[in-house]
Amino acid sequence: MEQGTKKARILVVEDDRSLARFLELELGHEGYAVETVGDGYRALVRATEEDWDLILLDIMLPGMDGFSVCRRIRERSSVPIIMLTARDAVNDRVQGLDAGADDYLCKPFATEELLARIRARLRRQKEDGPESDKVVVGDLEICPKTRTVTRGGQKIHLTKREFDLLHYLAVNAGVVLDRETILNRVWGFDYFGNTNVVDVYIRYLRAKIDDPFPKKLIHTVRGVGYVLREEEK
């Protein structure tokens, strides 16, 4: 499997040597360039010193747990992260996603499902465009590479989910997006909640992006959804 004209690079973070070797062989067979590491500290170093197309990250790791590694990576990069873990409690899923993971797969897992999720994440990353491309709407600037947001030159601090939602609205500026579409693209196809979470996060964003400024950017289209644009129509 190639992304564009080069092999997609995947970092596998797994302390179980037999599973790490299995993943290395399976992913290599699929055409990916794979590197494996077995502890949290080494994972953080490798994740931040080189460019990766995707990271498979176990939670139970020596040195530093996967949640901490994920949060630290998210401070510097928007690389897709899929967590692999034997912990299947809802709390762990929520903690993993809140730490910045894009997806969560419980062990034991079917290889075909893992490969499908990897393809989906790489495809979405490609559709979203290069992470270095800055998105500008009026006086709002969003930089995916550094995951920073400014409006009128003022830096705005957002959570991972708030950033993902704002970025998706911004790359589709002027397009009215329904709640279901937003939920699928920002939260993912395997999200188990309802569309009300979109309304909640829109309120969070408005409090940070719109309320302190005279010109509003996030608009509600009644009966449909939301749109990000400079002027209300």
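Residues numbered from 1 in each chain as written. Predicted model: local features only at pLDDT ≥ 70, side-chain atom pairs only at ≥ 80, totals over all residues. Heavy atoms only, no water.

**Concerning unusual backbone geometry**
Here is step 1: The linkage connecting Lys107 with the following residue, Pro108, adopts the cis geometry, with an omega of -10 degrees.
Here is step 2: Mapped onto the secondary structure, Pro108 falls in the loop between β7 (103-106) and α5 (111-128). (Helix = DSSP H or I, 4+ residues; strand = E, 2+ residues; numbered from the N terminus.)

**As for the nonpolar core**
Here is step 1: Judged by nonpolar contacts, the single largest core of 28 residues is most densely connected at Leu165, Ile182 and Trp187.
Here is step 2: When residues of this core are traced back to their parent elements, those giving at least two are β8 (135-137), β9 (140-143), α6 (160-171), α7 (179-187), α8 (196-209) and β14 (225-228).
Here is step 3: Sequence-distant contacts of Leu165, that is, excluding residues within four places in its chain, are made with Ile182, Val186, Trp187, Tyr201, Ile202 and Leu205.
Here is step 4: If you look at the next biggest cluster of nonpolar residues, it comprises 22 residues, including Val37, Trp52, Ile73 and Tyr104. (Core = buried A, V, L, I, M, F, W, Y, C linked by side-chain atoms within 4.5 Å. Buried < 20%, exposed > 50% of the residue type's maximum accessible area, 1.4 Å probe, protein only. Contact = heavy atoms within 4.5 Å.)

**Some remarks on the sheet that holds strand β10 (residues 148-151)**
Here is step 1: Across the sheet, 4 strands lie side by side as β8-β9-β10-β11; this open sheet has antiparallel pairing. Two strands lie at the open edges of the sheet, namely β8 and β11 (154-156), each paired on one side alone. Taking each pair of neighbouring strands and ignoring which way they run, the sheet shows an average axis angle of 20 degrees.
Here is step 2: Where β9 lies against β10, 4 bridges are found, and the strand directions are antiparallel. The residue of β10 that forms the bridge with Cys143 is Thr148.
Here is step 3: In the packing of α6 onto the sheet, contacts are made with β8, β9 and β10, and the angle to β9 comes to roughly 115 degrees. (Pairing = 2+ DSSP bridges. Axes fitted to C-alpha atoms, helices over the stretch in contact; angles between N-to-C directions.)

**Quick word on the packing of helix α2 (residues 40-49) against helix α3 (residues 66-74)**
Here is step 1: At their nearest, the axes of α2 and α3 sit 10 Å apart, and the two run at 20 degrees to each other. If you check the angle between α2 and α3, you find them roughly parallel. Where α2 crosses over α3, the handedness of that crossing is right-handed. Residues Gly40, Ala43, Leu44 and Ala47 of α2 touch α3, and the partners they reach there are Val69, Arg72 and Ile73.
Here is step 2: Partitioning the contact of α2 with α3 into residue classes produces 5 nonpolar, 1 polar and 1 charged. (Parallel < 35°, antiparallel > 145°, perpendicular 65-115°, else oblique. Left-handed = near helix turned anticlockwise from the far one by under 90°. Nonpolar A, V, L, I, M, F, W, Y, C, P; charged D, E, K, R; others polar.)

**Overview of the pattern of salt bridges**
Here is step 1: In the structure shown here, the tally under the stated rule is 18 salt bridges.
Here is step 2: With a shortest N-O distance of 3.3 Å, Lys107 and Asp58 are connected by a salt bridge. Taken as a pair, Lys107 in the loop between β7 and α5 and Asp58 in strand β5 (residues 54-58) lie far apart in primary sequence, 49 residues in all.
Here is step 3: For Lys107, a relative accessible area of 24% gives the class partly exposed.
Here is step 4: The closest approach of N and O atoms between Arg74 and Asp102, which form a salt bridge, is 2.8 Å. Of this pair, Arg74 sits in helix α3 while Asp102 is found in the loop between α4 (90-98) and β7, placing the two residues 28 residues apart along the sequence. By the burial criterion, Arg74 is buried, and Asp102 matches it.
Here is step 5: Salt bridges sharing partners connect three or more residues here, namely Arg9, Glu35, Arg46, Glu49 and Glu50. (Salt bridge = Lys/Arg side-chain N within 4 Å of Asp/Glu carboxyl O.)

**With respect to α3**
Here is step 1: Turning to α3, its buried residues number three or more, namely Gly66, Phe67, Val69, Cys70, Ile73 and Arg74. Angularly, the buried residues of α3 cover 165 degrees about the axis, an arc narrow enough to put them on a single face.
Here is step 2: Looking at where α3 begins, the residue whose side-chain oxygen comes 2.9 Å from the main-chain nitrogen of Phe67 is Asp65. (Arc of directions from axis to C-beta. Polar contact = N/O pair within 3.5 Å; in protein donor to acceptor, adjacent residues only side chain to side chain.)

**Observations concerning the UniProt feature "modified residue: 4-aspartylphosphate" (unreviewed entry) in the protein**
Here is step 1: Sites flagged by UniProt as "modified residue: 4-aspartylphosphate" (unreviewed entry) map to Asp58.
Here is step 2: Judged by relative accessible area, Asp58 falls into the buried class, the value being 3%. (UniProt positions renumbered as here; feature names shortened; annotations may be inferred.)

**Here we look at the environment of Val69**
Here is step 1: With respect to the element layout, Val69 can be found in helix α3.
Here is step 2: What makes Val69 buried here is its relative accessible area of 0%.
Here is step 3: Along the primary structure Val69 and Gly40 are separated by 29 residues, whereas in three dimensions their C-alpha atoms are 6.3 Å apart.
Here is step 4: Setting aside anything within four residues of it in sequence, one finds Val69 in contact with Gly40, Ala43, Leu44, Leu57 and Met64.

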